[in-house]
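# Chain and residue survey
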Amino acid sequence: MPKRTSARRMGRRTSRAARRTSRRVRQAAALPAMNHPEPYVSVIIPAMNEAGTIAGVIAGARGVHPRCEVIVVVNGSADKTAEIAKASGAHVIFYELPLGHDAGRSIGAEVAKGEILLFTDGDLIISAAQLRPFVKAVRRGADIALNDYSGPVRSIIPHPVVLSKHVLNLMLNRPDLKGCSMTAVPHALSRKALSLLGTSALSRPPLAHARAIMEGLHVEAVHKVPVGKLNRVRRKAGGTDPLQHLIVGDHLEALSLLLERQGDRAGFSDGSRRREMVR
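Residues numbered from 1 in each chain as written. Predicted model: local features only at pLDDT ≥ 70, side-chain atom pairs only at ≥ 80, totals over all residues. Heavy atoms only, no water.

## Quick notes on the overall build of the chain
Put simply, the test is: A run of H or I in DSSP becomes a helix once it reaches four residues, and a run of E becomes a strand once it reaches two; helices and strands are each numbered from the N terminus. The rule is simple: take the accessible area with a 1.4 Å probe, protein chains only, and divide by the maximum for that residue type; under 20% is buried, over 50% is exposed, in between is partly exposed. Residues count as neighbours in contact if any of their non-hydrogen atoms are within 4.5 Å of one another. Per-residue and other accessible areas follow the Shrake-Rupley method at a 1.4 Å probe size, with only the shown protein chains counted as cover for residues.
Secondary structure assignment for the chain yields 10 helices and 7 strands. Residues classed as buried in the chain amount to 44% of the 279 residues present. Counted over contacts in the chain with a minimum sequence separation of 6, partners at least 24 positions apart contribute 76%. Of the roughly 15600 Å² of accessible surface on the chain, a fraction of 55% belongs to carbon and sulfur atoms.

So this is what it looks like as structure tokens:
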């Protein structure tokens, strides 16, 4: 039996290395930097002065499905957000002035063509692997797939927004959702949910969330993305988050709608109380 020569061994090593390299190249093949002409998933990204993150956000969004479109609603930006988004192949809708909190969701949903709408934000770089569970949940039957993130709940004094989310879900008789809400991204909607709620409702996420549950849509928390760690810290005016009052007010409006539709006790029984005995 002939001895193996060093040349033959080297040749085998080289061949194996070449095969490994070729496999790595195929796995890292770049996704096309363009929207699919017939998208199954529409990813909607409101953005304002997000030039530093928008390319990474779009790259993650692009990988959620082979038939994907990315819609970036740029509003009130003074930087190159729109130009970078266009160069990344997104459909860019540009407004010179700020639209207001969450208004970009409604505008993006108006033009979306996909059967599934996935919402994220222009300042949150989230990988495709972290976004796909929301798409998969809608594909298997969910109408609204929420981020399974309830916010910080171990504080002695809870944050008003976190408390508002928990209270709303309790009042909606969905304690299983804890603090999960359409206020937080990422989350995904079916076309059925969009048709029932309407695009304008998406600008006020707590109201849309309450209506979805009251109308019997299948709402579930499907995957946790800890967006609290990803969100940049906002400047506070007088020690208060500038969006806090707006978001809490939206939750109060959602509670008002619930009480209007289901009575003063929101459908909960009065227990064993005999109020007629009280003088």
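## Examining the confidence of the model for the chain
For clarity, the threshold we go by: On a range of 0 to 100, pLDDT expresses the predictor's confidence in each residue.
Summary statistics for the chain give a mean pLDDT of 86 and a share of 79% for residues scoring 70 or more. Residue range residues 20-29 is modelled with pLDDT below 50. Its contacts to residues more than four positions away, or to other chains, number 0 contacts.

## Some thoughts on the pattern of salt bridges
Counted only if it meets this: Salt bridges are defined as contacts in which a side-chain nitrogen from Lys or Arg sits within 4 Å of a carboxyl oxygen from Asp or Glu.
Taken as a whole and judged by the stated rule, the model has 6 salt bridges. Among the salt bridges present, the one from Asp102 reaches Arg105, with a minimum N-O distance of 3.3 Å. Here the two residues Asp102 and Arg105 agree in accessibility, since each one is buried. Where Lys192 meets Asp143, a salt bridge forms, and the shortest distance between an N and an O atom there is 3.9 Å. Of this pair, Lys192 sits in helix α7 (residues 191-197) while Asp143 sits in the loop between α5 (128-139) and β5 (144-147), and the two are 49 residues apart along the sequence.

## Notes on the side chain of Asp102
The line we're drawing: Under the rule applied, a polar contact is a pair of N or O atoms within 3.5 Å (in protein, one hydrogen donor and one hydrogen acceptor; residues adjacent in sequence only if both atoms are side-chain atoms).
Positionally, Asp102 belongs in the loop between β3 (91-95) and α4 (103-111). At a separation of 3.4 Å, a polar atom in the side chain of Asp102 contacts the side chain of His101. Sequence-distant contacts of Asp102, defined by excluding residues within four places in its chain, comprise Leu202, Ser203 and Pro205.

## What to know about the nonpolar core
Our working rule: Only buried Ala, Val, Leu, Ile, Met, Phe, Trp, Tyr and Cys residues count toward a nonpolar core, and they belong to the same one when joined by side-chain atoms within 4.5 Å.
By size, the foremost hydrophobic cluster in this structure holds 66 residues, and its most contacted members are Ile45, Val72, Leu118 and Ile144. If we ignore the near neighbours within four places in the chain, the residues touching Val72 are Ile45, Ala47, Ile54, Ile58, Ala85, Ala90, His91, Val92 and Ile93.

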